[in-house]
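# Structure at a glance
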Amino acid sequence: MASRLIVFGILALIAFLMTAPSAMTLFTSLKPPEELILPAWTPPASITFEHFERVWTDGGFRRYFLNTILISAVDAIVMIGLASMTAYAMVFMSFRGKLALQVLFVVGLMIPVTAIILPLYTTIRSVGLINTHLGVIFADLALAMPVFVFMFSSYFVSIPRALHEAARIDGATEFQIYRRVVMPVSVPAIITTGLLEFMWSWNDLLLRLLLLPREGMRTLSVGLLNFQGQQTRDIAGISAGTVIMAIPVVLLFLFFQRHFVRGMTAGAVK
Amino acid sequence: MADLELRNISKSYGATKVLHDINLKIDDGEFIVFVGPSGCGKSTLLRLIAGLDEITDGDLLIGGERSNKLSPKQRNIAMVFQSYALYPQMTVAENMGFSLSLERRPKAEIRQKVDEAAATLKLEALLDRKPGQLSGGQRQRVAIGRAIVRNPRVFLLDEPLSNLDAALRTETRVEIGELHQRLKTTMIYVTHDQVEAMTMADRIVILNAGRIEQVGTPMELYNTPATEFVASFIGSPKMNLITGKAAQEYDAATIGIRPEHLDIVTESPHWQGLITLVERLGHNTIVYAQVPDVGPVTISLEGQHEYQVGQNVGLDADLSKIHRFARDGRPLV
Ligand SMILES: Nc1ncnc2c1ncn2[C@@H]1O[C@H](COP(=O)(O)OP(=O)(O)O)[C@@H](O)[C@H]1O
Ligand SMILES: [Mg+2]
């Protein structure tokens, strides 16, 4: 009994330490100006959305938000298609150069972004895609693709081969098998990929800082950093911006939580 | 409907050859069973015919046309898998109509063909269910339904009954037999169970280690096995294979006597045996006995008998039914 209490105490402490910064940020973003002098951990006595309105319109977060959601949504959707088709070919088809391709993906898995950031920048610049959404989207997809190809592959190998063969016997083309047999049974992998890619894309700072420096093209991560630099005293505004950036990811995660966990462990236990 | 011909077909996976020089002619409308021990290459041969694997060497003719390079669809064959391989996210009706929907046939036509097949297989009440909501036997029917909806030239079935319990297996065996009677489509059926082979086949192909041991009607295989392997594989209980001095008496390396051709006698017995086990099945009794200089033998007696373990009995064989084999397993005539 005592030992259970200790465990409970430790877990509660960790939970508190982990949620405290988020809670304080949320509190600060909702406090009217006169309450801001109170310590950050005191909940707001009365709630105001004025800080949100301020950063949303004057702070330019509206533009940042639209930029971010556009890039992240395109990233997630295209990644699902691209990675699953590649993985399908790797798992279900045989073709020349398959092994070489696999090796390339493994290499891609091991190289950190920071190591190739400079050549990446010059490549994107040389094709004239600096300050375009497309440039960032290309870079995002290329960099994260090995991870998701790997994830889809490990999901696909858990699909019985006989299913693929039955569809071939039924006269389905490879694309029909992909579209009508394999993808419908891969919902957990699809959701996990979409969610993870969306979140990575949403939260990424480095690539966006480099590839989208112009004001009108900024994403939330860059916008928030900039805002922090310029409005160092506006704690409430910074907090509101942070909350704006966090909300979609939190909502998505809550909504898909169960699928997400299933997708991550699929193949490992089956 | 179509006949098939396999000419010198062999199959290798990398350096390992799993099928050697398979030659076989299958007539239109025949029910052919491939039987053999696990790992002998039955499924591989079936997959070559289906077009799921590439033929390494030799020719496959379907309806007289060389089909080595044709896709499964072009061959117009249907296959029932051991695991059934139903599409889990589709309903029973969608599973059965999948091949037709891929051909973009009109919905009404698909519906009608699915309904027809469902009626044949008593699946009407299950059409809107998903495979996950079906029992093993029902899934198996759906897998067969998916095959017959297409009206293929040839049916391939790979151990379709091996995941069913014994009672259901016998029942489904009969139903598949009746289905063949009705459709009169060429069927190739793979099993490792010689009882299934004997009961269902027009002709049986016995495979062993990637080679055909013998092709023939069930009774041909039973009466005149071409090799010692066939002799021991066909028939239940297994044929007694006796080597040594007892076989030399008959100028053979091995003699084979089926349990049903041995009898327990009181007068002038050929051998004396000590009973080690008695199995009573009602319609027959199986006696296991130990015979000095011969070894263990199995005797199958018709009807019910009161023999006891430990009893010493005289044994006699029906001499006209003894099979004699040379050292290489070939029969002596
Ligand atoms: N894809 C494969 N790669 C390598 N060897 C295989 C493959 N498929 C089957 N084999 C081998 O071929 C032999 C025959 O297999 P199979 O046709 O499945 O036997 P059966 O169906 O008679 O039990 C086995 O020894 C098996 O290990
Ligand atoms: Mg097999």
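Residues numbered from 1 in each chain as written. Chains lettered and ligands numbered in written order. Predicted model: local features only at pLDDT ≥ 70, side-chain atom pairs only at ≥ 80, totals over all residues. Heavy atoms only, no water.

### With respect to the overall build of chain A
Scanning chain A for helices and strands turns up 12 helices and 0 strands. Element order for chain A, N to C, with α for helix and β for strand: α-α-α-α-α-α-α-α-α-α-α-α. If one aligns the C-alpha atoms of chain A with their principal axes, the spans along those axes are about 75 × 65 × 30 Å. Excluding contacts between residues fewer than 6 apart, the proportion of contacts in chain A whose partners are at least 24 apart in sequence is 70%. Here chain A has roughly 14700 Å² of accessible surface; of this, 72% comes from carbon and sulfur atoms. (Helix = DSSP H or I, 4+ residues; strand = E, 2+ residues; numbered from the N terminus. Contact = heavy atoms within 4.5 Å. Areas by Shrake-Rupley, 256 points an atom, 1.4 Å probe, with all protein chains shown as cover.)

### Here we look at the site of ligand 1
Residue and element names in this part refer to chain B. Contacts to ligand 1 come from Tyr 13, Val 18, Ser 38, Gly 39, Cys 40, Gly 41, Lys 42, Ser 43 and Thr 44. Within the backbone of Gly 41, one N or O atom sits 3.0 Å away from an oxygen atom of ligand 1. Here an oxygen atom of ligand 1 and a backbone polar atom of Lys 42 are 2.9 Å apart. When ligand 1 sits alone it has 560 Å² of accessible area, and the protein chains cover 55% of it. Take the shell around ligand 1: its biggest share by element is 3 residues, from helix α1 (residues 42-50). Here the shell around ligand 1 is built from residues that sort into 3 nonpolar, 5 polar and 1 charged. (Near = heavy atom within 4 Å. Polar contact = N/O pair within 3.5 Å; in protein donor to acceptor, adjacent residues only side chain to side chain. Nonpolar A, V, L, I, M, F, W, Y, C, P; charged D, E, K, R; others polar.)

### What about the domain arrangement of chain B?
Residues and elements named next belong to chain B. You can read the domains of chain B as domain 1 (4-230) and domain 2 (238-325). Centre-to-centre, using C-alpha coordinates, domain 1 lies 38 Å away from domain 2. Of the residues lining the interface, 6 residues belong to domain 1; the matching set on domain 2 comes to 7 residues. Buried surface at the junction of domain 1 and domain 2, both sides included, amounts to about 550 Å², of which 54% is carbon and sulfur. Ranking the residues of domain 1 by area buried against domain 2 places Tyr 222, Pro 225 and Glu 228 at the top, with a combined share of 88%. Counting across the domain 1 and domain 2 interface gives 0 salt bridges. Counting the contacts that link domain 1 with domain 2 gives 2 residue pairs in polar contact (both at pLDDT 80 or more). No other element matches helix α8 (residues 218-223), which puts 3 residues into the side of domain 1 that touches domain 2. For the side of domain 1 that touches domain 2, the per-class residue count stands at 3 nonpolar, 2 polar and 1 charged. (Domains from an automatic or database assignment. Buried area = accessible area lost by both parts, 1.4 Å probe. Salt bridge = Lys/Arg side-chain N within 4 Å of Asp/Glu carboxyl O.)

### Notes on the confidence of the model for chain B
In the predicted model, chain B carries a mean pLDDT of 95, and 100% of its residues have values of at least 70. For this predicted complex, the interface score ipTM comes out at 0.88, while the overall pTM is 0.86. (pLDDT = per-residue confidence, 0-100.)

### Here we look at the sheet that holds strand β7 (residues 154-158) of chain B
Pairing between the strands of a sheet comes from backbone hydrogen bonds, and it takes one of two forms, parallel or antiparallel. All names here are of chain B. Judged by pairing direction, the sheet is mixed, and its 6 strands sit side by side in the order β6-β7-β8-β3-β9-β10 without closing on themselves. Two strands bound the open sheet, and with one partner strand each, they are β6 (77-80) and β10 (211-216). The sheet shows a mean angle of 15 degrees between the axes of neighbouring strands, direction not considered. Looking at chain direction, strand β3 (residues 31-35) and strand β8 (residues 186-191) are connected through 5 bridges and run parallel. Bridging from a neighbouring strand, Val 35 pairs with Thr 191 of β8. α1 contacts β3, β6, β7, β8 and β9 (203-208) of the sheet and is inclined by roughly 150 degrees relative to β7. Across the sheet, helix α5 (residues 136-149) lies against β6 and β7, angled at about 180 degrees from β6, the strand it touches most. (Pairing = 2+ DSSP bridges. Axes fitted to C-alpha atoms, helices over the stretch in contact; angles between N-to-C directions.)

### Describing the packing of helix α3 (residues 61-92) of chain A against helix α6 (residues 133-156) of chain A
All names here are of chain A. Two numbers describe how α3 lies on α6: the axes approach to 7 Å, and their chain directions differ by 40 degrees. With respect to each other, α3 and α6 are oriented oblique. The chirality of how α3 crosses α6 is right-handed. Grouping the constituent residues of the contact of α3 with α6 by class yields 21 nonpolar, 5 polar and 2 charged. (Parallel < 35°, antiparallel > 145°, perpendicular 65-115°, else oblique. Left-handed = near helix turned anticlockwise from the far one by under 90°.)

### Here we look at the environment of Ala 2 of chain A
Mapped onto the elements of the fold, Ala 2 of chain A is located in helix α1 (residues 2-30). Along the sequence, Ala 2 of chain A and Val 222 of chain A sit 220 residues apart, while their C-alpha atoms lie 49 Å from each other.

### Notes on the pattern of salt bridges
All told, the structure shown has 21 salt bridges over all chains when counted by the stated rule. Among the salt bridges present, the one from Arg 218 of chain A reaches Glu 215 of chain A, with a minimum N-O distance of 2.5 Å. Given a relative accessible area of 41%, Glu 215 of chain A falls into the partly exposed group. Between Lys 73 of chain B and Glu 103 of chain B there is a salt bridge, with the nearest N and O atoms lying 3.7 Å from each other. Of this pair, Lys 73 of chain B sits in helix α2 (residues 72-75) while Glu 103 of chain B sits in the loop between α3 (92-102) and α4 (107-120), and the two are 30 residues apart along the sequence. On the basis of relative accessible area, Lys 73 of chain B is assigned to the partly exposed category, the value being 41%. (Buried < 20%, exposed > 50% of the residue type's maximum accessible area, 1.4 Å probe, protein only.)

### Things to note about the confidence of the model for chain A
Averaged over chain A, the pLDDT score is 91; the fraction of residues at 70 or greater is 96%. Confidence, read as mean pLDDT per element, is least for helix α12 (residues 235-265) of chain A in chain A (84) and greatest for α3 of chain A (97).

### Observations concerning the sheet that holds strand β15 (residues 284-291) of chain B
All names here are of chain B. The 5 strands are arranged β13-β17-β14-β15-β16 in an open sheet whose pairing can be described as antiparallel. Two strands in the sheet have a free side with no partner beyond their single neighbour: β13 (262-265) and β16 (295-302). Across the sheet, the axes of successive neighbouring strands diverge by a mean angle of 45 degrees, strand direction being ignored. Bridging between β13 and strand β17 (residues 312-317) involves 4 bridges; their strand directions are antiparallel. Its bridge partner lying in β17, Asp 263 is registered against Asp 316.

### A few points about the pairing of strand β14 (residues 271-280) of chain B
Residues and elements named next belong to chain B. Pairing geometry for β14 and β17, over 4 bridges, is antiparallel. Opposite Gly 273, over in β17, you have Val 313 as the bridge partner. Sheet topology note: the β14/β15 ladder contains 6 bridges and is antiparallel. Among the inter-strand pairings, Leu 277 is bridged to a residue of β15, identified as Tyr 288. Adjacent in sequence and paired antiparallel, β14 and β15 are bridged by 3 residues, among which Gly 282 carries a positive phi angle near 95 degrees.

### Structural notes on the packing of helix α7 (residues 161-169) of chain A against helix α8 (residues 174-182) of chain A
Residues and elements named next belong to chain A. Here α7 crosses α8 at 125 degrees, and the two axes come no closer than 10 Å. With respect to α8, the axis of α7 lies oblique. Pair α7 / α8 crosses with right-handed handedness. Within the contact between the two elements, α7 uses Leu 163, His 164, Ala 167 and Arg 168 and α8 uses Glu 174, Ile 177 and Val 181. Of the residues in the contact of α7 with α8, the class split is 4 nonpolar, 1 polar and 2 charged.

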